[in-house]
Amino acid sequence: MSLLELKNVSKIYGDLKALDSVNVHVDKGEWVAIMGPSGSGKSTMMNIIGCMDRPTYGEVLLDGVDIAKESSKKLTDIRRDKIGLIFQQFHMVNYLTAVENVMVSQYYHSMPDEQEALEALGRVGLRERAHHLPSQLSGGEQQRVCVARALINHPELILADEPTGNLDEANENIVLDLFAQLHAEGTTLIVVTHDPEVADAAQRTIVLEHGKVAREVINEHFDEQQKEWLARLKTENKRVMPV
Amino acid sequence: MLIALLSIGIGATILAGLVTIYVDVPRQMGAQFRSFGANMLILSDGEKGMSKAQLDKALENIPAGQLVGAAPYRYVRVDMTTRQQSFTAAGTDFDQITKTSPYFSIEGRYPENPREVLVGKEIAETIGIREGSGMELTWQPAAGETAGDPSGDRQPGAILSGSAEGWSGGTVYVTVKLDDSSRIASLTIDAGTQTPEIGGLTQTDDSFNSQFVGKSLPLTLGEDVDALSGATITSTAVVEALNTARNTQSAGTAMTIKYTVTGILATGGEEESYVFMSLEDMAGLTGSDAVDVAELSVSASAEELETYAEQITENTDGVRARLVKRVTRSETAVLGKLQSLVFLVTAVVLILTMICVSTTMMAVVSERRREIGLRKALGASDGSIRTEFLGEGMFLGLLGGVLGAVLGFAFAQVVSVNVFGSSITFQPLLLPTAVIVSMGVAALSCLQPIKRAVAIDPAIVLKDE
């Protein structure tokens, strides 16, 4: 079942076609990576999928609603209710603690609930770091807080922009483990990256070049990877809590 | 943020300070203006002047707190026969004069004892009189003024004075006040010229003095009253002086009393050509304690003064009040100018505060644009961004307002003490006013920064930098 569908989407800035008649289709529960060099239109696509921009032409169906035609106010509502965002720069409010940062997201969505926020931090293995300020957390820990923040409102779609771009390998693996777990739970994931390893963790990779979809690569080893991951999780059973 | 708080605080301080002064200035300035003299006159309706009771009744119309002073005056023409000069003599209350006419400048001192006078500088120069000099003044009643039946009872309540020669040529003076049935109510004997331990005792001896009370004039020594033992000559002079007083007054003849000059008065005005004496001395000289006019110094606004004057005229028989327009008008004009100046300064300060707060908030917004972008990306609506910043601004306004009200009061206090030399009372309305105005200013200042915050593109968080 399709969650997201881009039909002939173009975004034109003056003479530049950032996106040129792109057709993309993402199913519910799918884990998709979007790759491409700088200037290939990744960011533009991300903005459009994240309800932060509208295409010049084309339709963008998110859960059956054409978000290309909605008002900014409506886009904000859709973004808040359906999308969890994870950024390369983490973007935490630097004067709020980890748990408060998670609660900011709850605040705009519905009602701040500290218990729930603490549980979300527990899922990313940061329960005991809940009352630390961002400056007291490592990059990996900050990104895990951001994953918890993205999860807190149970979004239909998690949209991650270079989530491991600022992380070392160990932390990259932790984040990928979290993604694998989210996938296992049925969350739809779209990860924009230029890192082949991160892309390889996904089920399918869409490669953008010059604003067009150059090719799509299906990860044939994905089911094996997931099995391996579940087995490893059982033996390690540490950072990532079982569902 | 701290800067914004500070600027609101300072703005509110100046606002609160100036408002306090603004409210207090009329009172302060009123007190200052009181030093320029009386601003209200109470006049008698008739020819005969008004009594003390009438004046007191008139003064009841003015709240005690606002009445700075009320100086009664009685003016008569007196002659100084030795110099063939005649002047205006004014009977007054020297305690009140210091309040209603603080600009009186005196060389010497105010009269304190009976038969002491203050002489205007012009007179003093004309006749070459100095502090300590003696001065003999004669009052000549105008035709019909106190003419009465020589044999009949004296006017009830009249004050009579007379003198007679006592021991070794010294003069003994008496002043007597009659009660309602023309009997002696009280008397004062001045036997300063007599031997202190003999005739002088007539001044103080209780049994000698008290025997006069309740008696009708004229008196005969040995029948109506007894002499003070050992001081027959002085006692005789006292009785003689009393009888003279009665006869003099009833016959409407001149009265001459010798006074001592205690001070020379300089005012730069017409007062320099007057001789001032106490009301009691004036009564002794003229036989009446009525007053012609009372000069009032009232600390009140022009409108209040008008009201008081109307009330006095309406509520008191035989008396009318009017304002000294010259003083009240200039007072109102100066106050009006001062208040509009304060108003202008306050407005300018508020505008400056607004600019400062607006600039600071603008800086805060651009400093936090990533955070604002993030909040929007996380689903914050424009409304909630607006509410957050407005709330922050209003909170700043609240803090600044409270801070400003407190500091402003201190500021106003310092200004008041230094400029006006008096402290001010805390206006309870000041706190809410300062808080509401600073919150309003803060909210206004936030409008532009909020507009900018709302315009921030949430996609800002996606761009790597």
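Bear in mind that the values here come from a model prediction, so they are computed numbers and not experimental data. Each chain has its residues counted from 1, running along the sequence as written. For naming, the first written chain is A and the first written ligand is 1, with later ones following in the order written. Local features in this predicted model are restricted to residues whose pLDDT is 70 or higher, and side-chain atom pairs enter the listing and the counts only when it is 80 or higher, whereas totals over whole chains, interfaces and linings include all residues. Side-chain figures throughout are based on the complete set of non-hydrogen atoms in the structure, without hydrogens or water.

Caption draft 1: Examining the overall build of chain B more closely. Secondary structure is summarised from DSSP: a helix means a run of H or I of at least four residues, a strand means a run of E of at least two, and numbering begins at the N terminus for each. Across its full length, chain B holds 12 helices and 13 strands. Note on method: radius of gyration uses C-alpha positions; expected globular size equals 2.2 Å times residues raised to 0.38. Whereas a compact globule of 465 residues would reach a radius of gyration of roughly 23 Å, chain B reaches 36 Å, over 25% beyond that. Principal-axis analysis of the C-alpha atoms gives chain B an extent of 125 × 45 × 40 Å. Exposed residues in this analysis have more than 50% of their type's maximum accessible area, buried residues have under 20%, and partly exposed residues fall in between, with area computed by a 1.4 Å probe over protein chains only. Counting only residues that meet the buried cut, chain B has 48% of its 465 residues in that class. Two residues qualify as a contact provided that any one of their heavy atoms is within 4.5 Å of a heavy atom in the partner residue. Taking all contacts inside chain B whose residues are at least 6 apart in sequence as the whole, residues at least 24 apart take part in 75%. Accessible area of chain B: about 21800 Å², with a carbon and sulfur share of 57%. When charges are counted, Lys and Arg contribute as positive and Asp and Glu as negative, whereas His and the chain ends are disregarded. Taken as the charge location is NZ of Lys, CZ of Arg, CG of Asp or CD of Glu. If you average the places of the 34 positive and of the 52 negative side-chain charges in chain B, the two averages end up 12 Å apart. To be clear on the numbers: accessible area is Shrake-Rupley with a 1.4 Å probe, and residue cover counts the displayed protein chains and nothing else.

Caption draft 2: Looking closely at the nonpolar core. Here, nonpolar core refers to any group of buried Ala, Val, Leu, Ile, Met, Phe, Trp, Tyr and Cys residues whose side-chain atoms link them within 4.5 Å. Residues A:Met45, A:Ile49, A:Leu62 and B:Phe389 are the most contacted members of the largest nonpolar core, which totals 58 residues. Ranked by residues supplied to this core, first place goes to helix H12 (residues 430–454) of chain B with five residues. Formed by 43 residues, the second largest nonpolar core is a distinct cluster that contains A:Ile86, A:Leu121, A:Ala202 and A:Trp229.

Caption draft 3: Structural context of the environment of B:Val176. Residue and element names in this part refer to chain B. Of note, Val176 is situated in strand S8 (residues 171–178). We classify Val176 as buried; its relative accessible area is 1%. Sequence separation of Val176 and Val213 is 37 residues, and the distance between their C-alpha atoms is 9.7 Å. Contact partners of Val176, with chain neighbours within four places excluded, come to Ala158, Ile159, Leu160, Ile184, Ser186, Leu187, Leu217 and Leu242.

Caption draft 4: Looking closely at the pairing of strand S3 (residues 31–35) of chain A. All names here are of chain A. Counting buried positions over the five residues of S3 gives five, a clear majority of the element. Burial along S3 is two-sided: Trp31, Ala33 and Met35 facing one way and Val32 and Ile34 facing the other are all buried. In the sheet, S3 pairs with strand S8 (residues 188–192) via four bridges, with the strands oriented parallel. Paired with Trp31 across the strands is Leu189, a residue of S8. Sheet topology places S3 next to strand S9 (residues 204–209); four bridges connect them, and they run parallel. Note on S9: the bridge partner recorded for Val32 is Arg204. Think of it this way: DSSP has to see at least two bridges between two strands before they count as a pair.

Caption draft 5: Structural context of the packing of helix H5 (residues 139–151) of chain A against helix H6 (residues 169–184) of chain A. Residue and element names in this part refer to chain A. All axes here are fitted lines through C-alpha atoms, helices being fitted over the stretch that makes contact, and every angle between N-to-C directions spans 0 to 180 degrees. Running from N to C, H5 and H6 cross one another at 15 degrees; their axes reach a closest spacing of 9 Å. Relative to H6, the element H5 lies roughly parallel. In terms of crossing hand, the pair formed by H5 and H6 is right-handed. Here Gly140, Gln143, Arg144, Val147 and Leu151 of H5 lie close against H6, whose contacting residues are Asn171, Ile174, Val175, Leu178 and Leu182. Put simply, angles under 35 degrees are roughly parallel, angles over 145 are roughly antiparallel, angles from 65 to 115 are roughly perpendicular, and the rest are oblique. Each crossing is labelled by how the near helix is turned from the far one, with a counterclockwise turn of less than a right angle marking it left-handed and a clockwise turn marking it right-handed.

Caption draft 6: Seen up close, the interface of chain B and chain A. With 20 residues of chain B at the contact, the number on the chain A side is 21 residues. Roughly 1800 Å² of surface becomes buried between chain B and chain A when both sides are summed, with 58% attributable to carbon and sulfur atoms. For salt bridges, the criterion is a side-chain nitrogen of Lys or Arg within 4 Å of an Asp or Glu carboxyl oxygen. Across the chain B-chain A interface, the total number found is zero salt bridges. What qualifies as a polar contact is a pair of N or O atoms within 3.5 Å, subject to a donor-acceptor requirement within protein and to the restriction that residues adjacent in sequence count only when both atoms come from side chains. Connecting chain B to chain A are eight residue pairs in polar contact (both at pLDDT 80 or more). Elements supplying a minimum of two residues to the side of chain B that touches chain A: helix H10 (369–377) and helix H11 (382–420) of chain B. A per-element tally of the side of chain B that touches chain A places H10(B) first, with six residues. By the convention adopted, Pro, Cys, Tyr, Trp, Phe, Met, Ile, Leu, Val and Ala count as nonpolar, Lys, Arg, Asp and Glu as charged, and the other residues, Gly among them, as polar. Of the residues assigned to the side of chain B that touches chain A, the class counts are eight nonpolar, three polar and nine charged. The term buried area means the drop in 1.4 Å probe accessible area that two parts suffer when joined, counted for both and summed.

Caption draft 7: Main features of the confidence of the model for chain B. In this model, chain B carries a mean pLDDT of 82, and residues with pLDDT of at least 70 account for 92%. pLDDT gives the predictor's per-residue confidence on a scale running from 0 to 100. This stretch, residues 146–153 of chain B, has a pLDDT under 50; its non-local contacts, to residues over four places away or in other chains, come to 15 contacts.

Caption draft 8: Highlighting the sheet that holds strand S4 (residues 57–62) of chain A. Taken in spatial order, the four strands line up as S2-S1-S4-S5 (chain A) in an open sheet, and their pairing is antiparallel. The strands lining the two open edges of the sheet, one partner per strand, are strand S2 (16–27) and strand S5 (65–66) of chain A.

Caption draft 9: Spatial organisation of the confidence of the model for chain A. Residue-level pLDDT values for chain A average 89, and 97% of them are 70 or greater. When the criterion is pLDDT under 50, residues 239–243 of chain A qualifies, and its contacts beyond four places in sequence or with other chains add up to 17 contacts.

Caption draft 10: Broad picture of the side chain of A:Gln143. For A:Gln143, the location among the structural elements is in helix H5. For A:Gln143, the residues in contact, after removing those within four places along its chain, are A:Ile86, A:Phe87, A:Gln88, A:Phe90, A:Pro163, A:Leu167 and A:Val175.

Caption draft 11: Expanded view of a negative patch on the surface. On the surface, A:Glu100, A:Asp113, A:Glu114 and A:Glu119 cluster together into a patch of negative charge. You can see A:Glu114 is positioned in helix H4 (residues 114–123). For patch building, the residue pool is restricted to those with more than 30% relative accessible area and no salt bridge; the joining distance is 9 Å between like charges and 5 Å between nonpolar side chains (Val, Leu, Ile, Met, Phe, Trp, Tyr).

Caption draft 12: Molecular detail of the packing of aromatic side chains. Residues and elements named next belong to chain B. A pair of Phe, Tyr and Trp rings is counted when the ring centres sit within 6.5 Å of each other, with Trp represented by its six-membered ring. The angle between the planes then sorts it: under 30 degrees is stacked, over 60 is edge-to-face, the rest tilted. Enumeration over the complete set of coordinates arrives at 11 aromatic pairs over all chains. Ring geometry for Phe94 against Tyr110: centres 5.7 Å apart, planes inclined by 45 degrees, an arrangement best described as tilted. A residue pair is termed long-range when its members are at least 10 positions apart, and Phe94 in helix H3 (residues 94–100) and Tyr110 in the loop between strand S4 (105–108) and strand S5 (116–120) qualify at 16 residues. Charge-over-ring contacts are defined here by two conditions on Lys NZ or Arg CZ: a distance within 6 Å of the ring centre and an angle within 35 degrees of the ring normal. The positively charged end of Arg115 is found above the aromatic ring belonging to Tyr173, 4.1 Å away from the centroid.

Caption draft 13: Representation of a nonpolar patch on the surface. All names here are of chain B. A grouping of Phe395, Leu398, Leu399, Val402, Val406, Phe426 and Leu431 is seen on the molecular surface, where their side chains present a nonpolar patch of about 590 Å² in accessible area. Counting residues per element, the nonpolar patch draws most heavily on H11, at five residues. Residue position: Leu399 is located in helix H11. Given the relative accessible area of 38%, Leu399 is considered partly exposed.

Caption draft 14: Layout of the side chain of A:Lys11. Residue and element names in this part refer to chain A. Here Lys11 shows up in strand S1 (residues 2–13). Its relative accessible area of 11% is what places Lys11 among the buried residues. At 2.7 Å, the side chain of Lys11 forms a polar contact with the backbone oxygen of Arg54. If we ignore the near neighbours within four places in the chain, the residues touching Lys11 are Leu16, Lys17, Ala18, Leu19, Thr44, Ile48, Asp53, Arg54, Pro55 and Thr56.

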